Amino acid sequence: ELMNKKIYVGAAIGALGAFVLLFASPALLPQPSQEQSVLPLQIELYDLSVLEVDERSATLEIKFKVSNPNFKSVMLQLIKYAIYHDDSRIIAGQIGTKPGGFVESSNYFIILNERPSLIGEKITIKNTGNMPEIWEAFVSNSLNWRVTGDAYSNLSSLTSGQENILTFDFTK
């Protein structure tokens, strides 16, 4: 009779174990998520203007309008850009930073899906005397702008999803 009780208890424990394995563990295990596919951010050249110019330097302002078509927030890590007049590169720069490690803090932007963000910076260019035709275009405000670059983004966590790179090329 003692043996029969052990069989019943063993069967009950086995049934409970099978129930946990079949039904409870899928909730405990991380599921492959659907969030891995991220639509690319949309980026526009919002503003590129000469704020000040004299014989020594010129101050420009560049602003990008960044929109997020995803339901979740997207982390914009970095915008790398180059500014040209005709085919001559005037300056290259970057806004934000790509994370380089766990210790290093990064400067990034969270782009929400409800509203676009304006991201930009002011740039000072020294007149070295090497580009007289470009400097004349600065003074007369008659530049033929072209801005090229890449925007690096990810979901709002560094661990989820792959990095997305959006290449852009604008003329103004």
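Everything numeric in this text was worked out from a predicted model, so none of it was measured.

## Details of the sheet that holds strand S2 (residues 57-67)
Remark on secondary structure: sheet strands pair via backbone hydrogen bonds, oriented parallel or antiparallel.
Item 1. Spatially, three strands are ordered S1-S2-S6 in an open sheet, and the strand pairing comes out antiparallel. With one partner strand each, in any of the chains shown, strand S1 (42-53) and strand S6 (117-126) form the two edges of the open sheet. Averaged over all pairs of adjacent strands, the angle between their axes in this sheet comes to 20°, without regard to strand direction.
Item 2. Two elements, S1 and S2, share 10 bridges in a ladder whose sense is antiparallel. For Asp47, the partnering residue across the bridge sits in S2 and is Lys63.

## Quick notes on empty space enclosed by the protein
Item 1. The tally for this structure, following the rule as stated, stands at one cavity of 30 Å³ or more.
Item 2. In this structure, the largest cavity spans a volume of roughly 30 Å³.
Item 3. Around the largest cavity, the lining residues are Pro40, Leu41, Ala151, Ser153, Asn164, Ile165 and Leu166.
Item 4. Elements with a minimum of two residues in the lining of the largest cavity: strand S7 (145-155) and strand S8 (164-171).
Item 5. For the lining of the largest cavity, the element with the highest residue contribution is S8, accounting for three residues.
Item 6. Among the residues making up the lining of the largest cavity, the classes are represented as five nonpolar, two polar and no charged.

## Considering the confidence of the model for the chain
Item 1. Taken over all residues, the pLDDT of the chain has a mean of 81, while the share at 70 or more is 70%.
Item 2. Between residues 29-35, whose pLDDT stays under 50, and residues either more than four places distant or in other chains, the model counts four contacts.

## Brief notes about the side chain of Ser57
Item 1. Its location among the elements puts Ser57 in strand S2.
Item 2. Aside from chain neighbours lying at most four places away, what touches Ser57 is Glu52, Thr124, Ile125, Lys126, Asn127 and Trp135.

## Remarks on the environment of Lys172
Item 1. Its location among the elements puts Lys172 in the segment after S8.
Item 2. Separated by 127 residues in sequence, Lys172 and Leu45 have C-alpha atoms that sit 8.7 Å apart.
Item 3. Discounting chain neighbours no more than four positions away, the residues touching Lys172 are Asp47, Leu48, Leu143, Asn144 and Trp145.
Item 4. Among the polar contacts made by the side chain of Lys172, one reaches the main-chain carbonyl oxygen of Leu48 at a distance of 2.8 Å.

## Here's the deal with the packing of aromatic side chains
Item 1. Tallied over the entire structure, the rule returns five aromatic pairs.
Item 2. Geometrically, the ring pair formed by Phe64 and Phe168 is tilted, given 5.3 Å between the ring centres and 55° between the ring planes. Here the residue Phe64 occupies a position in strand S2, and Phe168 occupies one in strand S8, the gap between them amounting to 104 residues.
Item 3. On the basis of relative accessible area, Phe168 is assigned to the buried category, the value being 4%.
Item 4. Among the aromatic residues, those joined into a cluster by ring pairs are Phe64, Tyr81, Phe168 and Phe170.

## Regarding the pattern of salt bridges
Item 1. Here the structure, examined in full by the defined rule, presents two salt bridges.
Item 2. Between Arg56 and Glu55 there is a salt bridge, with the nearest N and O atoms lying 3.4 Å from each other.
Item 3. What makes Glu55 exposed here is its relative accessible area of 57%.
Item 4. In this structure, Arg146 engages Asp169 in a salt bridge whose closest nitrogen and oxygen atoms are separated by 2.8 Å. Taken together, the positions of Arg146 in strand S7 and Asp169 in strand S8 put the pair 23 residues apart, joining distant regions of the chain.

Rules behind the numbers
Residues numbered from 1 in each chain as written. Predicted model: local features only at pLDDT ≥ 70, side-chain atom pairs only at ≥ 80, totals over all residues. Heavy atoms only, no water. Pairing = 2+ DSSP bridges. Helix = DSSP H or I, 4+ residues; strand = E, 2+ residues; numbered from the N terminus. Axes fitted to C-alpha atoms, helices over the stretch in contact; angles between N-to-C directions. 1 Å grid on protein atoms, 1.4 Å probe; cavity = no way out; pocket = protein on both sides within 12 Å on 5 of 7 lines; lining within 4 Å. Points joined across faces, edges and corners; volume = space filled by probe spheres on them. Nonpolar A, V, L, I, M, F, W, Y, C, P; charged D, E, K, R; others polar. pLDDT = per-residue confidence, 0-100. Contact = heavy atoms within 4.5 Å. Polar contact = N/O pair within 3.5 Å; in protein donor to acceptor, adjacent residues only side chain to side chain. Phe/Tyr/Trp six-rings, centres within 6.5 Å; stacked < 30°, edge-to-face > 60°. Buried < 20%, exposed > 50% of the residue type's maximum accessible area, 1.4 Å probe, protein only. Salt bridge = Lys/Arg side-chain N within 4 Å of Asp/Glu carboxyl O.

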